[in-house]
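# Results of the structural survey
Chain by chain, the residues:
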Amino acid sequence: MDVDAYKVAVVNKYTSNAGDITIAELPRQHPTDTQVEITVHAAALNPLDFKRAEGMLAIVLPEAFPLKLGYDVAGTVSRVGKSVMRFKAGDRVYGRVEQRCVGTVAELAWVDESSLAAIPEAVPFTVAAGVGLAGLTAKQALENAGLEKGQTVFVTGGLGGVGMFAVMLAKHHFGAGEIITTVSTSKAERARELGATRVVDYTQERDYARQLENTADVGLDTIGDSSIARVVKPQGSVVSVAMLPNGRELDKFRDPSARMSAWGAFKLGVAKRVVDVVGWFLTRPFRAKEIRYRPLKMHPDGRDLEQTFNPLLADGRMKPAIANIYAFTIEGVQKAFTEAVGGHAAGKIIICVKD
């Protein structure tokens, strides 16, 4: 690798076509005082990656092209900023990067120290790479929902990225009494292995909400399905990572430092009004049962990765499912995105950058 440049997966326009993804060579950056430079060994893809590539975040996150891709990273520290205290060159680290640092499907990444955690000794890079975004989203969602020991939790999509971590955390961290989830037929046994105590095959039980009516104290919606309101008990709690109740929530996804044109502000205002109307209708079932409904915008947190996830990864209680591992080539990245967009992967989609 040229010491003055590095390779990174990018798109040069908003697109839903994986064939438009390419690998560019860009100038090597220098870490800021609080940043760590990482030689990337593996990165993971998440729905956020292809939504951003498609331009679905452009109203709240206007960005210049090329867009560098990837939020999750695992690798080895190569350089550190002068204020970095927790890591040194040669350390194995992983995490979910901040919005301004996106671009981990690459040979190198620059990440704030606060977003990173040390990788437990026995955990491979390909496993660690898949934990950050999905794992922290699940943890923060269940915390915001107020899940307590002994309670019943319902998780939609129990073998999706966020769903599988929610199932494992509900069992091993929160101590839930019963963990109910929905998966397709081929994924049912794996969901039980992760910790689900009751698995509903949504391909066989189309009206699963009726079957599970008023059984859960807490719900986690990973797919934008308002029928979860039927499953959760009156005055229960639901957190969603896929559905907004009102337009004000869009502001939480904005970068306050990013400039917005008058036309951009107008489009954002229109989007807020649309979300207000749609959100009001979609959240009616929750209001009818006095269920506390909250959307979640997750935040990177390296300390939480170390304190919550590392013990579970190290002793084997947390075993994230990996759907496929692809090479860091144009063909490999394009295939990985194609699978990610399909939305039916049984686990995380990983891109191996360096063995």
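Residues numbered from 1 in each chain as written. Predicted model: local features only at pLDDT ≥ 70, side-chain atom pairs only at ≥ 80, totals over all residues. Heavy atoms only, no water.

### Details of the overall build of the protein chain
- Along the backbone of the protein chain there are eleven helices and 16 strands.
- By the compact-globule yardstick of 20 Å for 355 residues, the protein chain fits well, its C-alpha radius of gyration being 20 Å.
- Principal axes of the C-alpha set define a box for the protein chain whose edges measure 60 × 50 × 40 Å.
- A buried classification covers 53% of the 355 residues belonging to the protein chain.
- Working note: accessible area of the protein chain is about 15600 Å², and carbon and sulfur atoms make up 51% of it.
- Of the charged side chains in the protein chain, 43 are positive and 40 negative; the average position of the first set lies 4 Å away from that of the second. (Helix = DSSP H or I, 4+ residues; strand = E, 2+ residues; numbered from the N terminus. Rg over C-alpha atoms; globule rule 2.2 N^0.38 Å. Buried < 20%, exposed > 50% of the residue type's maximum accessible area, 1.4 Å probe, protein only. Areas by Shrake-Rupley, 256 points an atom, 1.4 Å probe, with all protein chains shown as cover. Lys, Arg positive; Asp, Glu negative; His and termini not counted. Charge placed at Lys NZ, Arg CZ, Asp CG, Glu CD.)

### Quick word on the pairing of strand β6 (residues 92–96)
- Extensive coverage of β6 is indicated by the burial of four of its five residues.
- Of the pairings in the sheet, the one linking strand β5 (residues 72–80) to β6 comprises five bridges and is antiparallel in character. Bridge pairing in β6 places Thr 76 opposite Arg 92.
- Of the strand pairs in this sheet, β6 and strand β8 (residues 116–118) are connected by three bridges, and their pairing is antiparallel. What sits directly across from Gly 95, in β8, is Leu 116. (Pairing = 2+ DSSP bridges.)

### Let's talk about the sheet that holds strand β13 (residues 232–240)
- One open sheet holds the six strands; their spatial order is β11-β10-β9-β12-β13-β14, and the pairing between them is parallel. With one partner strand each, in any of the chains shown, β11 (198–201) and β14 (292–295) form the two edges of the open sheet. Neighbouring strand axes in the sheet, compared pairwise and without regard to direction, differ in orientation by 15° on average.
- As defined by bridge partners, strand β10 (residues 178–183) adjoins β11 across four bridges and the pair is classed as parallel. In the sheet register, Thr 182 faces β11, and the bridge partner there is Val 200.
- Packing against the sheet, helix α3 (residues 132–145) makes contact with β9 (152–155), β12 (216–221), β13 and β14, and its axis sits at approximately 150° to β13.
- This element, helix α4 (residues 161–172), spans β9, β10 and β12 of the sheet and lies at about 165° to β10. (Axes fitted to C-alpha atoms, helices over the stretch in contact; angles between N-to-C directions. Contact = heavy atoms within 4.5 Å.)

### Considering the packing of α3 against α4
- At a minimum axis distance of 8 Å, the contact between α3 and α4 shows a crossing angle of 55°. In terms of their interaxial angle, α3 and α4 are classed as oblique. α3 and α4 meet at a crossing whose hand is right-handed. Contact residues: Ala 134, Gly 135, Thr 137, Ala 138, Lys 139 and Leu 142 in α3; Gly 161, Val 162, Phe 165, Ala 166, Leu 169 and Ala 170 in α4.
- Its residues assigned to classes, the contact of α3 with α4 comprises eight nonpolar, three polar and one charged. (Parallel < 35°, antiparallel > 145°, perpendicular 65-115°, else oblique. Left-handed = near helix turned anticlockwise from the far one by under 90°. Nonpolar A, V, L, I, M, F, W, Y, C, P; charged D, E, K, R; others polar.)

### Things to note about helix α1 (residues 47–54)
- Buried residues of α1: Asp 49, Phe 50, Arg 52 and Ala 53, and no others. Buried residues of α1, seen end-on, are gathered within an arc of 155° and therefore sit on one face of the element.
- Those residues of α1 that are buried are in contact with β1 (5–11), β3 (35–45), β4 (67–68) and α11 (330–342).
- Trailing α1 by a residue or two, Gly 55 shows a phi angle of about 90°, which is positive. (Arc of directions from axis to C-beta.)

### Describing the sheet that holds strand β2 (residues 22–27)
- If you trace the three strands from one edge of the open sheet to the other, you get β2-β1-β4, paired in antiparallel fashion. Looking at which strands have only one partner, the edges of the open sheet turn out to be β2 and β4.
- Across two bridges, β1 lies against β4 in antiparallel orientation. Paired with Val 10 across the bridge in β4 is Lys 68.

### Quick word on the nonpolar core
- Within the largest apolar cluster, 51 residues are counted, with the highest numbers of intra-cluster contacts made by Tyr 94, Leu 142, Val 153, Phe 165 and Phe 309.
- Val 153 has contacts with Leu 142, Leu 147, Ala 170, Ala 176, Glu 178, Ile 179, Ile 180, Ala 216 and Val 218, leaving out every residue within four places of it along the chain.
- Within the second largest apolar cluster, 34 residues are counted, among which are Leu 67, Val 97, Ala 109 and Val 111. (Core = buried A, V, L, I, M, F, W, Y, C linked by side-chain atoms within 4.5 Å.)

### Description of the environment of Glu 54
- Turning to its location among the elements, Glu 54 is positioned in helix α1.
- Residue class for Glu 54 comes out partly exposed when judged on its relative accessible area of 28%.
- In this structure, the C-alpha to C-alpha distance between Glu 54 and Gln 334, residues 280 residues apart in sequence, is 14 Å.
- Not counting the four nearest positions on each side in its chain, Glu 54 is found in contact with Tyr 14, Thr 15 and Ser 16.

### A closer look at α11
- Over its 13 residues, α11 runs 18 Å from end to end, which matches the ideal 18 Å to within 8%, given 1.5 Å per residue.
- Gly 332, Val 333, Ala 336, Phe 337, Glu 339 and Ala 340 are the residues of α11 that are buried. Seen end-on, α11 carries its buried residues on one side only, within an arc spanning 160°.
- Lining the buried residues of α11 we find β1, β3, α1, β15 (322–327) and β16 (348–352). (Expected span 1.5 Å × (residues − 1).)

### A short note on the layout of surface pockets
- In this structure, the second largest pocket spans a volume of roughly 350 Å³.
- Forming the boundary of the second largest pocket are 21 residues, of which Glu 63, Gln 99, Arg 100, Cys 101 and Val 102 lie nearest the centre.
- Looking at the lining of the second largest pocket, the elements with two or more residues in it are β4 and β7 (108–112).
- Of the residues in the lining of the second largest pocket, the class split is eleven nonpolar, five polar and five charged. (1 Å grid on protein atoms, 1.4 Å probe; cavity = no way out; pocket = protein on both sides within 12 Å on 5 of 7 lines; lining within 4 Å. Points joined across faces, edges and corners; volume = space filled by probe spheres on them.)

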